[in-house]
Amino acid sequence: MEVHYEELSHRLSPGTSCTNLGSSLDLASMADLEEENIQGSLRFSLFYDQLQSKQVVTVLDAQDLAVRDFSHNVDPFVWVRLLWAEREDEEQSSMQCVLDEWQTTLRKKSCSPVFGDQFSCTLAEEEVPRVTVRFEVRDYDKYSRHGILGEARAPLNSLKLSYPLELREDLQVPKKDMVGEALLSLKYMPTSQRLEVGVLKIRTICHPNKTERALYAKTSVTCNHCKLRHQRTKQKKRWEVTVFNEVLTFVLPDQQIRECTIIVSVYEIQPSNKSSKHLIGHIHIKKDKTFENEHWKLMMQSLRQPIAKWHFIFI
């Protein structure tokens with residue numbers, strides 16, 4: 001079985017499948033549309049410190065944020081990510097990686113909160129045009145996942161940052177960013193009620209200044225938004241293409257398998273520090289009008305046979 005999966009992974013290379021994936025997958029459709037009422041604006045400032053080679057980001061305030069329907073209130077904070085592009089190409093979306101990320105302080109019960117949080121990241125001046133700052137405004141929820149109130153983006157290639165530049169941007173519906181791709185295989189055996197998810201290869205980019213890292217993938221099976229099972233791969237040293245060739249088996253009733261969603265989450269970790277876990281991104285394979293539907297359909301048409309496909313990893 002292990003030899004079979006190795007042969008299967010060697011036949012499929014990331015370079016050829018990536019173009020086909022891009023033509024059939026609309027990035028705009030990946031937006032989180034659960035929060036339909038996107039309103040308000042965010043004020044922030046950007047500055048590149050040439051003496052210290054640092055990019056400085058300051059989150060100042062937000063105005064007129066939408067309230068949640070069930071609470072009629074909002075407890076906002078801002079999640080800031082510095083996205084570094086594989087290449088500087090405006091015409092074609094390239095793979096990105098998260099250089100650094102931060103969270104502002106929480107402001108309770110305020111639709112127009114004042115933050116004043118400042119963050120900085122070491123960055124060479126010639127790399128500034130490759131960076132986009134993504135501000136995601138969220139509503140804190142102690143008992144569930146945080147609500148999304150909207151996002152603002154600032155590509156640094158079009159801005160002059162030799163002096164602090166203050167901007168106010170209207171919040172938009174959040175969109176996902178491509179941070180890698182993974183070669184996954186699916187196999188369904190109805191008699192034994194087994195679903196096999198093969199994590200074969202993961203391709204990501206990593207900033208040259210980052211220290212040695214390792215990767216692992218956690219695979220969860222959910223049904224009606226309830227997590228049924230989860231497993232994780234072994235930890236592997238991170239390369240441009242990290243080879244796993246691991247098969248994770250889930251035993252589930254037939255009805256649950258036919259209606260479930262498979263979520264593959266890719267994590268980065270420092271081998272010497274197990275508490276340094278950092279999420280790279282997710283893959284969702286489910287039965288809806290997305291690219292993943294094709295992979296699921298092929299699996300159900302080819303029972304007891306592993307079907308492999310490349311999937312984009314989004315964050």
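Notes on the structure follow. The model shown is predicted, which means the values in this text are computed figures rather than measured ones.

## Some words on the overall build of the protein
- Within the protein, the regular secondary structure consists of four helices and 17 strands.
- Contacts spanning at least 24 positions in sequence make up 68% of the contacts within the protein whose residues lie at least 6 apart.
- Carbon and sulfur atoms make up 47% of the accessible area of the protein, which amounts to about 16200 Å² in all.

## Remarks on the nonpolar core
- Of all hydrophobic cores here, the largest spans 38 residues; its most connected members are L42, L46, V80, V133 and F135.
- Among the elements of the structure, strand 1 (41-49), strand 2 (54-63), strand 3 (76-85), strand 4 (96-103), strand 5 (114-122), strand 6 (131-139), strand 7 (147-155) and strand 17 (307-314) are those that each provide at least two residues to this core.
- The next biggest cluster of nonpolar side chains, apart from the first, holds 30 residues, and it includes A182, Y188, C260 and I262.

## Notes on the sheet that holds strand 1
- If you walk across this open sheet you meet the four strands as 5-2-1-8, and the pairing is antiparallel. The strands lining the two open edges of the sheet, one partner per strand, are strand 5 and strand 8 (165-170). Mean inter-strand twist for the sheet, computed between neighbouring axes without regard to direction, equals 20°.
- When strand 1 meets strand 2, the two strands line up antiparallel, connected through nine bridges. Along strand 2, the bridge assignment pairs F47 with V56.

## What about the environment of S192?
- Looking at the element boundaries, S192 is found in the loop between strand 9 (178-189) and strand 10 (194-204).
- Judged by relative accessible area, S192 falls into the partly exposed class, the value being 37%.
- When the C-alpha positions of S192 and L252 are compared, they lie 9.1 Å apart, and in sequence the two are 60 residues distant.

## Some remarks on the pattern of salt bridges
- Throughout the structure, instances matching the rule amount to 17 salt bridges.
- E196 is the salt-bridge partner of K187, the closest N and O atoms lying 3.5 Å from each other.
- A relative accessible area of 6% places K187 in the buried class.
- For E196, a relative accessible area of 7% translates into the label buried.
- Here the residues in one salt-bridge network are R134, E136, R138, E151, R153 and D177, joined through shared partners.

## Quick look at the environment of V98
- Structurally, the position occupied by V98 is in strand 4.
- Apart from residues no more than four positions distant in its own chain, V98 is found in contact with R81, L82, L83, K210, H278 and I315.

## Some points on the sheet that holds strand 7
- If you walk across this open sheet you meet the four strands as 4-3-6-7, and the pairing is antiparallel. On the outer flanks of this sheet lie strand 4 and strand 7, each paired with one strand and no other. The average angle at which neighbouring strand axes cross in this sheet is 20°, direction not considered.
- As judged from the nine bridges shared by strand 3 and strand 6, these two strands associate in the antiparallel manner. Within the sheet, the bridge partner assigned to P76 lies in strand 6 and is D139.

## A look at the state of the cysteines
- Under the criterion given, the structure shown has zero disulfides.
- We note that C206 lacks a disulfide partner, and the nearest cysteine sulfur, in C97, lies 6.3 Å from it.

## Digging into unusual backbone geometry
- Of note in this structure, S53 is not a glycine but carries a positive phi near 50°.
- Assignment of secondary structure puts S53 in the loop between strand 1 and strand 2.
- In this structure S53 comes out as partly exposed when scored by relative accessible area, which is 29%.
- Of note in the backbone geometry, Q193 takes a positive phi value of approximately 55° without being a glycine.
- Locating Q193 in the fold gives a position in the loop between strand 9 and strand 10.
- A relative accessible area of 33% means that Q193 is categorised as partly exposed.

## Here's the deal with the side chain of S45
- By the secondary structure assignment, S45 is in strand 1.
- Residue class for S45 comes out buried when judged on its relative accessible area of 14%.
- When neighbours within four sequence positions are excluded, S45 is seen to be in contact with V56, V57, T58, L60, L165 and E166.

## Notes on the side chain of S265
- In this fold, S265 is placed in strand 15 (residues 261-270).
- Overall, the relative accessible area of 6% leaves S265 in the buried class.
- Within the structure, S265 has its side chain in polar contact with the side chain of H282 (distance 2.8 Å).
- When neighbours within four sequence positions are excluded, S265 is seen to be in contact with Y216, A217, K218, L279, G281 and H282.

Cut-offs applied
- Residues numbered from 1 in each chain as written.
- Predicted model: local features only at pLDDT ≥ 70, side-chain atom pairs only at ≥ 80, totals over all residues.
- Heavy atoms only, no water.
- Helix = DSSP H or I, 4+ residues; strand = E, 2+ residues; numbered from the N terminus.
- Contact = heavy atoms within 4.5 Å.
- Areas by Shrake-Rupley, 256 points an atom, 1.4 Å probe, with all protein chains shown as cover.
- Core = buried A, V, L, I, M, F, W, Y, C linked by side-chain atoms within 4.5 Å.
- Buried < 20%, exposed > 50% of the residue type's maximum accessible area, 1.4 Å probe, protein only.
- Pairing = 2+ DSSP bridges.
- Axes fitted to C-alpha atoms, helices over the stretch in contact; angles between N-to-C directions.
- Salt bridge = Lys/Arg side-chain N within 4 Å of Asp/Glu carboxyl O.
- Disulfide = S-S within 2.5 Å.
- Polar contact = N/O pair within 3.5 Å; in protein donor to acceptor, adjacent residues only side chain to side chain.

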